[in-house]
Amino acid sequence: MPLSPLNPALAATFAPPVMEARRWLEGVSFPPERPLLNVSQAAPVDPPPEGLRRAIAEAALDNPAAHLYGPVLGMAELRAEIAAQWSVAYGGMISESQVAITQGCNQAFCAVMATLAGPGDEVLLPTPWYFNHKMWCDMASVRAVPLPTGAGLLPDPEEAAALITPRTKAIVLISPNNPGGAEYPAALVRAFHDLARARGLALIVDETYRDFDSRTGAPHDLFADPDWDEAFIHLYSFSKAYRLTGHRVGAIVASPARLAEVEKFLDTVAICPNQLGQIGALWGMRNLAQWVAGERAELLARRAALTEGFAALEGWHLHGCGAYFAWVDHPGRDASPDFARRLVREAGVLLLPGTMFMPEGTVQGDRGLRIAFANVDANGIAELIRRLATVTP
């Protein structure tokens, strides 16, 4: 007998965008004097600092428990460290019981969404949205409702309120934003929290890139509420701050009741988070504050260089820039997927078209491009601007 047909929910969503873009490189050669500039993915390319690597290596050699299953919700020491540091950083009270560790922040999002929404439910995602969030909603048969953004790629709580229906379960924000780079003002995050709470929804704030926010102090005050965990769910990743992408360590901060449901999801998907990755994350939290501050300063310098470069680039428009990302409108006549493929061939630049982050048929998607500039130093950014300037519309 033939195999059963594909799950229609999985078949209905799109292919992973970064993998799709990499296929555009097939058959294209890049001369030594003009190597490929890859600004398609937000992932550190260098290994973690030596001290962190040594901590992982020593654990692998000397700690037998590092190779065994651990607690489903993560190491108690790492959960407690997050609770303590976040309580200070955000001016609130967070306990270890309100923290769970996951296999990266994507899994954190999927686990939380599994506790909130099922087939036929809805969640609000500001556009341009993070494609993996949209993909998970598709695969879970949850409708991702696009929430348009305005100036600076900021969403409007009043527009969000008009989109809420009886099926709406959550509002999702990312700040600093992927793909747009926007840093959401604290007052805006608070307004979305108040809306979610008044309407009986969850507010999920993905703060994967919080370590590279250009602002000082807490990016919002939600944790200062004594009952913050009634409506607010915080997501975080250790991949960017400590270059632990391959070790897959993320976190959820939410109510203990929510995490009890999350535990069911995690136990069936991964059983427990990566033990060595958690050991590395804990060592990083305790030892790398100054190093992370240096990484932040470097990224802010690259952000300034990119902003300055686009200001002088005729026909291009920079809508948002921050943390790892910039969102720009291109000057070409082609829609962004075709223009992005042209950039590979004509300029040796790989980036992602706006259509990968937007509903089909939108002008914002057809004109937009995402640039992941974090892995390109000042010289590389200058070269990027030079190459873009040579491409004919």
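Computed from a prediction, not measured in an experiment: that's the story for all the values here.

**Considerations on unusual backbone geometry**
Most peptide bonds take the trans form, and the phi angle of most residues other than glycine is negative.
Logical step 1: A cis amide bond links S175 to the next residue, P176, at an omega of -15°.
Logical step 2: Note the cis peptide between N178 and P179, where omega equals 25°.
Logical step 3: By the secondary structure assignment, P179 is in the loop between β5 (168-174) and α8 (186-198).
Logical step 4: Residues other than glycine seldom take positive phi values, yet L153 does so here, at roughly 60°.
Logical step 5: Looking at the element boundaries, L153 is found in the loop between β4 (143-147) and α7 (157-163).

**Concerning the nonpolar core**
Logical step 1: With 86 residues, the main nonpolar core has L78 and F238 as its most contacted residues.
Logical step 2: Residues lining this core come from more than one domain, with at least three contributed by each of domain 1 (8-47 + 291-390) and domain 2 (50-287).
Logical step 3: Not counting the four nearest positions on each side in its chain, F238 is found in contact with L78, I82, R243, L244, V249, G250, A281 and M285.
Logical step 4: Among the nonpolar cores identified, the runner-up in size contains 30 residues, and V142, I233, A254 and L266 belong to it.

**Brief notes about the sheet that holds strand β3 (residues 122-126)**
Logical step 1: Spatially, the seven strands line up as an open sheet ordered β2-β8-β7-β6-β5-β3-β4, and their pairing is mixed. Of all the strands in the sheet, just β2 (99-102) and β4 have a single pairing partner and so form its edges. Strand-to-strand twist of the sheet, defined as the mean angle between neighbouring strand axes without regard to direction, takes the value 25°.
Logical step 2: As defined by bridge partners, strand β7 (residues 232-237) adjoins strand β8 (residues 250-253) across four bridges and the pair is classed as antiparallel. In the strand pairing of β8, H234 is matched with V253.
Logical step 3: Where helix α6 (residues 131-139) meets the sheet, its contacts fall on β3, β4, β5 and β6 (202-206), and the angle it forms with β3 comes to roughly 165°.

**Here's the deal with the UniProt feature "domain: Aminotransferase class I/classII large" (unreviewed entry) in the protein**
Logical step 1: Cross-referencing UniProt, the feature "domain: Aminotransferase class I/classII large" (unreviewed entry) maps to residues 38-388 in the present numbering.
Logical step 2: Summarising residues 38-388: 42% helix, 16% strand, and an end-to-end C-alpha distance of 13 Å.

**Examining the domain arrangement of the protein**
Logical step 1: With domains assigned, the protein is organised as domain 1 (8-47 + 291-390) and domain 2 (50-287).
Logical step 2: If you look at the interface, domain 1 gives 36 residues, while domain 2 gives 34 residues.
Logical step 3: Between domain 1 and domain 2, a total of about 2,900 Å² is buried, with carbon and sulfur atoms accounting for 66% of that surface.
Logical step 4: In terms of surface lost to domain 2, no three residues of domain 1 exceed R296, F325 and F357, which account for 17% of the buried area on that side.
Logical step 5: Counting the contacts that link domain 1 with domain 2 gives two salt bridges.
Logical step 6: E183 serves as the salt-bridge partner of R303, at 3.1 Å between the closest nitrogen and oxygen.
Logical step 7: Mapped onto the side of domain 1 that touches domain 2, the elements with two or more residues apiece are α1 (8-12), α2 (17-22), α11 (289-311), β9 (317-322) and β10 (325-329).
Logical step 8: Of all the elements, α11 adds the most residues to the side of domain 1 that touches domain 2, at seven residues.
Logical step 9: When the residues that make up the side of domain 1 that touches domain 2 are grouped by side-chain class, the tally is 26 nonpolar, five polar and five charged.

**Comments concerning the pattern of salt bridges**
Logical step 1: As enumerated under the stated definition, the model contains 21 salt bridges in all.
Logical step 2: Salt-bridge contacts for R286 lead to E81; the nearest nitrogen and oxygen are separated by 3.3 Å. Here the residue R286 occupies a position in helix α10 (residues 275-287), and E81 occupies one in helix α4 (residues 76-90), the gap between them amounting to 205 residues.
Logical step 3: It is possible to trace a salt-bridge network through shared partners that takes in E183, D213, R215 and R303.

**Quick look at the environment of V45**
Logical step 1: Among the secondary structure elements, V45 is positioned in the loop between β1 (37-38) and α3 (50-62).
Logical step 2: Once the C-alpha coordinates of V45 and T245 are considered, the two residues, 200 residues apart in sequence, prove to be 9.2 Å apart.

**What to know about the pairing of β9**
Logical step 1: In terms of strand pairing, β9 meets β10 through five bridges, oriented antiparallel. Its bridge partner lying in β10, C321 is registered against A326.
Logical step 2: Where β9 hands over to β10, the hairpin turn is made up of two residues, of which A323 adopts a positive phi near 50°.

Conventions and cut-offs
Counting starts from 1 at the beginning of each chain's written sequence and moves along it residue by residue. Per-residue local features are limited, in this predicted model, to residues with pLDDT of at least 70; the limit for side-chain atom pairs, both in listing and counting, is 80 or more; totals at the level of whole chains, interfaces and linings are taken over all residues. Note: side-chain values were computed over all heavy atoms of the structure, leaving out hydrogens and water. Going along the chain from the N terminus, every DSSP run of H or I of four or more residues is numbered as a helix, and every run of E of two or more is numbered as a strand. Residues grouped as a nonpolar core are buried Ala, Val, Leu, Ile, Met, Phe, Trp, Tyr and Cys residues, joined through side-chain atoms within 4.5 Å. Partly exposed describes any residue whose relative accessible area lies between the buried limit of under 20% and the exposed limit of over 50%, with all areas from a 1.4 Å probe on protein chains only and scaled to the type maximum. By convention here, the domain bounds are inherited from an automatic or database domain assignment. Here, residues are in contact when the closest pair of their heavy atoms is within 4.5 Å. In this description, strands pair whenever DSSP reports at least two bridges between them. Axis definition: a line fit to C-alpha positions, over the contact stretch in the case of helices; interaxial angles, taken between N-to-C directions, run 0 to 180 degrees. UniProt positions are given in the numbering used here, feature names are shortened, and annotations may be inferred rather than shown by experiment. Two parts placed together each lose some accessible area under a 1.4 Å probe, and the buried area is that loss summed for both. Throughout this description, the term salt bridge denotes a Lys or Arg side-chain nitrogen within 4 Å of a carboxyl oxygen of Asp or Glu. Gly falls in the polar group here, along with every residue not listed as nonpolar (Ala, Val, Leu, Ile, Met, Phe, Trp, Tyr, Cys, Pro) or charged (Asp, Glu, Lys, Arg).

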